[in-house]
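What follows is each chain in one-letter form.
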Amino acid sequence: MTRAWVEIDLGALLRNAERFERQAGCPVLAMVKADAYGLGAVRVAYALKGHCWGFGVATVEEGAELRDARIDEPILVFSPLVPVQFDAVRRASLRPVLGDRVAIEKWTARGGPWHLMIDTGMNRAGVPWREVASVHDLVAAHPPEGACTHFHSAQLPDGSRDEQERRFSEACKQLPVKPELLHAENSAAIEHSSPAHFSMARPGIFLYGVGSGNGAAFEPEPVVSVRGRIVEIRLVQEGDTVGYDASWRAPRAGRIATVSLGYADGYRRGLGNRASALLRGKRVPVVGFVTMDMTMLDVTDHSCEVGDVVTLVGRDGDSLLTVQAVAEAGGLSPYELLTGLRGRLPRSYVGDAS
């Protein structure tokens, strides 16, 4: 960890999972797609083994990676699949989530567990709730293990979650066979209304330390920290500029510290002149646009030296830069920030997840 790294607290991750399951009051399917939102799917899955019914991924390759790592819990693939992918799905013992009639026909022709996706308003994937009758014959002949939907705005008090729940419940009642597992509630849904109304819940970003806000009843512990080291310190005079496009001009004589981390590592360019970092537990401003490999800080009023660790996301002493706060500073969603943390940053796992 000599240049920059991502630090993941597996103990906090596990406590978040346990808290979520208690609130939901039902088994959970942990979403570990996109390399567990950038945290490392294999290590996250191992930490959560025994604490969830199974795992959710977006691609066949993500599921196969977990199988290769000897993760033996059920793994659902949530992104729509085309039949040419089904052999790979079977080789990895994955369970597809299907909503297209042709795909369902092809999968069920050879058998195997599957889940039915019902679109209740996202208009992205799944059989529309108005058209569930179009797959009644397939469901009757090859009952799915589960049925699910996806809430588009569970964190908002706009009534959309209630409407989607109603549509999902009505669609499930129309099915000729009731699936064993019904799942709809994501992180935000349980944070704002618990226990779960269905038989399984699907936490995602909550596990990784990001809450939904907007009056959520409970919040997760922080899990992720992004840290880098100061590699140079320079003196600037009043009027000197920093970074590309000279976007920051020194208001007085001072000191600029360069941290060896940039947007190629996932710390976005737009955080320049907007975000703060933590240096020895104190906030210091990010100045100039973040560059590909380096980020500059105004440390005029702070003691530091080359080699000091700077925290761009996470906790340093009593100070905390949450994923939400950093993302908001850069005009990003927390999902973008986490999943954008690049493989160039090594992962350091801390905390007790036993």
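Whatever comes next refers back to the structure up there.
Just so you know, these numbers come straight off a predicted model, no measurement behind them.

1. Some remarks on the environment of Arg252
Alright, step 1. Take Arg252: it is sitting in the loop between β12 (248-249) and β13 (254-259).
Alright, step 2. Those residues in contact with Arg252 that sit more than four places away from it in its chain are Val236, Gln237, Glu238, Thr300 and Asp301.

2. Digging into the packing of aromatic side chains
Alright, step 1. Across all of its chains, the model carries 6 aromatic pairs by this definition.
Alright, step 2. Both rings, one in Tyr37 and one in Tyr208, keep their centres 4.9 Å apart while their planes meet at 40 degrees; by these two values the pair is tilted. Placement of Tyr37 in helix α2 (residues 33-38) and of Tyr208 in the loop between α9 (187-192) and β10 (224-236) is noted, with a sequence separation of 171 residues between them. With respect to burial, Tyr37 and Tyr208 carry one shared label: buried.
Alright, step 3. With a centroid separation of 5.1 Å and 75 degrees between ring planes, the pair formed by Phe168 and Phe198 is classed as edge-to-face. Placement of Phe168 in helix α8 (residues 160-174) and of Phe198 in the loop between α9 and β10 is noted, with a sequence separation of 30 residues between them.
Alright, step 4. Under the relative-accessibility criterion, Phe168 is labelled buried at 0%.

3. Observations regarding helix α6 (residues 101-108)
Alright, step 1. Within the sequence span of α6, burial applies to Ala103, Ile104, Trp107 and Thr108. Taken down its axis, α6 places every buried residue within 120 degrees of arc, on the same side.
Alright, step 2. Those residues of α6 that are buried lie in contact with α5 (86-91), β5 (95-98), β6 (115-119) and α7 (136-141).

4. Let's talk about the side chain of Glu62
Alright, step 1. With respect to the element layout, Glu62 can be found in helix α4 (residues 60-68).
Alright, step 2. Although Glu62 lies buried, it forms no salt bridge, and the closest oppositely charged side chain, Lys33, sits 8.1 Å away as judged by the N-O distance.
Alright, step 3. Ignoring anything within four residues of it in the chain, the contact list for Glu62 reads Lys33, Ala34, Asp35 and Val57.

Calculation notes
Residues numbered from 1 in each chain as written. Predicted model: local features only at pLDDT ≥ 70, side-chain atom pairs only at ≥ 80, totals over all residues. Heavy atoms only, no water. Helix = DSSP H or I, 4+ residues; strand = E, 2+ residues; numbered from the N terminus. Contact = heavy atoms within 4.5 Å. Phe/Tyr/Trp six-rings, centres within 6.5 Å; stacked < 30°, edge-to-face > 60°. Buried < 20%, exposed > 50% of the residue type's maximum accessible area, 1.4 Å probe, protein only. Arc of directions from axis to C-beta. Lys, Arg positive; Asp, Glu negative; His and termini not counted. Salt bridge = Lys/Arg side-chain N within 4 Å of Asp/Glu carboxyl O.

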